[in-house]
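Summary of structural features
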Amino acid sequence: MRSIFFAMSPELHERMNAALRRTVLLRANILGPAVLAMTAGFVICSHWFGIRPGPIAHSINLGLVGVLALVAAWFRWRPVPDPWVHVLSTTVWWGPVAATLVTEYSIHDTNITWLLLVMLASAGVLLDTRYVVGSLVIAISIAIPLVLRDGGSNARLYIAALVAAGAFATLSHILMRRALVTAELHRIDAADTSSQLAARLVELERAKDERAQLHDQLLHSQRLEATGTLAAGLAHDMNNILASITTFAELLLDDNSPTRREDIQRILAQAARGAELT
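Residues numbered from 1 in each chain as written. Predicted model: local features only at pLDDT ≥ 70, side-chain atom pairs only at ≥ 80, totals over all residues. Heavy atoms only, no water.

**Some thoughts on the layout of surface pockets**
Approximately 490 Å³ is the volume found for the largest pocket. Lining the largest pocket are 21 residues, with Val35, Val92, Trp93, Pro96 and Ser122 positioned closest to its centre. Elements with a contribution of two residues or more to the lining of the largest pocket: helix H1 (10-45), helix H3 (85-107) and helix H4 (112-121). Here the element with the most residues in the lining of the largest pocket is H1; it accounts for nine residues. Along the lines of polarity and charge, the residues of the lining of the largest pocket split into 16 nonpolar, four polar and one charged. Within this model, the second largest pocket holds a volume of roughly 200 Å³. Asn17, His86, Asp128, Arg130 and Tyr131 are the residues nearest the centre of the second largest pocket, which is lined by 13 residues in total. (1 Å grid on protein atoms, 1.4 Å probe; cavity = no way out; pocket = protein on both sides within 12 Å on 5 of 7 lines; lining within 4 Å. Points joined across faces, edges and corners; volume = space filled by probe spheres on them. Helix = DSSP H or I, 4+ residues; strand = E, 2+ residues; numbered from the N terminus. Nonpolar A, V, L, I, M, F, W, Y, C, P; charged D, E, K, R; others polar.)

**With respect to the confidence of the model for the protein**
On average, the protein scores 84 in pLDDT, and the residues at 70 or more come to 87%. Per-element confidence in the protein ranges from a low mean pLDDT of 67 for helix H7 (residues 258-277) to a high of 94 for helix H5 (residues 129-150). Every residue in residues 1-6 is under pLDDT 50, and counting partners more than four places away or in other chains gives 14 contacts. (pLDDT = per-residue confidence, 0-100. Contact = heavy atoms within 4.5 Å.)

**Focus: the nonpolar core**
Trp93, Val97, Leu120 and Leu162 are the most contacted members of the largest nonpolar core, which totals 26 residues. Counting residues per element, this core draws most heavily on H5, which supplies seven residues. With residues near it in sequence (within four places) discarded, Leu120 still touches Trp93, Leu136, Ala139, Ile140, Leu162, Ala165 and Ala169. Counting 20 residues, the second largest nonpolar core, distinct from the first, contains Val24, Phe42, Leu68 and Val80. (Core = buried A, V, L, I, M, F, W, Y, C linked by side-chain atoms within 4.5 Å. Buried < 20%, exposed > 50% of the residue type's maximum accessible area, 1.4 Å probe, protein only.)

**Considerations on the packing of H4 against H5**
Orientation of H4 relative to H5, taken along the N-to-C sense of each, is 170°, at an axis distance of 12 Å. Classified by the angle their axes make, H4 and H5 are roughly antiparallel. Along the contact surface, H4 presents Thr113, Leu116 and Leu120, while H5 presents Leu136, Ala139, Ile140, Ala143 and Val147. For the contact of H4 with H5, a count of residues per class yields seven nonpolar, one polar and no charged. (Axes fitted to C-alpha atoms, helices over the stretch in contact; angles between N-to-C directions. Parallel < 35°, antiparallel > 145°, perpendicular 65-115°, else oblique.)

**Some details on a nonpolar patch on the surface**
A cluster of nonpolar side chains, Met238, Ile241, Ile245 and Ile267, forms an exposed patch at the surface whose accessible area comes to about 330 Å². In terms of residue count, the dominant contributor to the nonpolar patch is helix H6 (residues 155-253) (three residues). Following the sequence through the fold, Ile245 ends up in helix H6. (Patch = residues over 30% accessible without salt bridge, like charges linked within 9 Å, V, L, I, M, F, W, Y side chains within 5 Å. Areas by Shrake-Rupley, 256 points an atom, 1.4 Å probe, with all protein chains shown as cover. Salt bridge = Lys/Arg side-chain N within 4 Å of Asp/Glu carboxyl O.)

**Some words on the side chain of Asp150**
As for its position among the elements, Asp150 is in helix H5. Of note is the side chain of Asp150, whose polar atom sits 2.8 Å from the side chain of Arg149. Among all residues touching Asp150, those that are not within four sequence positions of it are Glu104, His108, Asp109 and Thr110. (Polar contact = N/O pair within 3.5 Å; in protein donor to acceptor, adjacent residues only side chain to side chain.)

**A look at the pattern of salt bridges**
Inspection of the entire model under this criterion finds seven salt bridges. Among the salt bridges present, the one from Arg21 reaches Glu14, with a minimum N-O distance of 3.0 Å. Owing to a relative accessible area of 42%, Glu14 belongs among the partly exposed residues under this scheme. Residues Glu203 and Arg200 are paired through a salt bridge, measuring 3.5 Å at the closest nitrogen-oxygen approach. Within this pair, Glu203 and its partner Arg200 are both found in helix H6, separated by three residues, close to a single helical turn. For Glu203, a relative accessible area of 40% translates into the label partly exposed. Among the charged side chains, a salt-bridge network with shared partners connects Glu14, Arg21 and Asp82.

Below you can see the structure in the form of structure tokens.
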């Protein structure tokens, strides 16, 4: 089994990326609508929970919901080009994160940070390491000034929790990606082995057919040889019979009347003709 720590060939690397993109598309088709629904519920119903962002923040959050709706619809109903798969999946993750940061910036309440921690930890579901690390660094970098502004004496605790959530997301991403890569390598090995066995089976069937053809040709040649031997034996025996007929006819030729001599001449002629044929 090839190890994921070994350098992959370009072809294998592309096959792995294609498998990861397929997994991202499957997750996006399921998680996209769910994230859209939760973010829309948070933005629309936030005032019922005592969360009242300003008009500008509320408008920004509504815009984020619109962006999530477009991305979710794209994943659901239109083919996504390969270069955009990880970008759009990261956009789905950023939707609720950005809405949470905007809300915290507007209401000056660090209790929103606990919700942000859950969202940061969920970044592990993304499968492109560059987007995971970059998104976590940006999100934490934006959240830390807000925590320092509003966290008071608990600011250090919030910052440590943000860093821990980012570390947890990174670790879970690495483990999840490694598990997917290992599973895909197993699948590729199984597919390659199956292809090799199928090719070997075809080769064995072809060899079997060729062997049957050679056997038929050998039997045919043996039949021809036996027929030739039989024909040669029959010709030899026929020549012996014709020779004896000719010999006896020649002996009678000197002792018979002219009429019988003519008949004997005919016998000799037919015997000679038969000898020519054999």
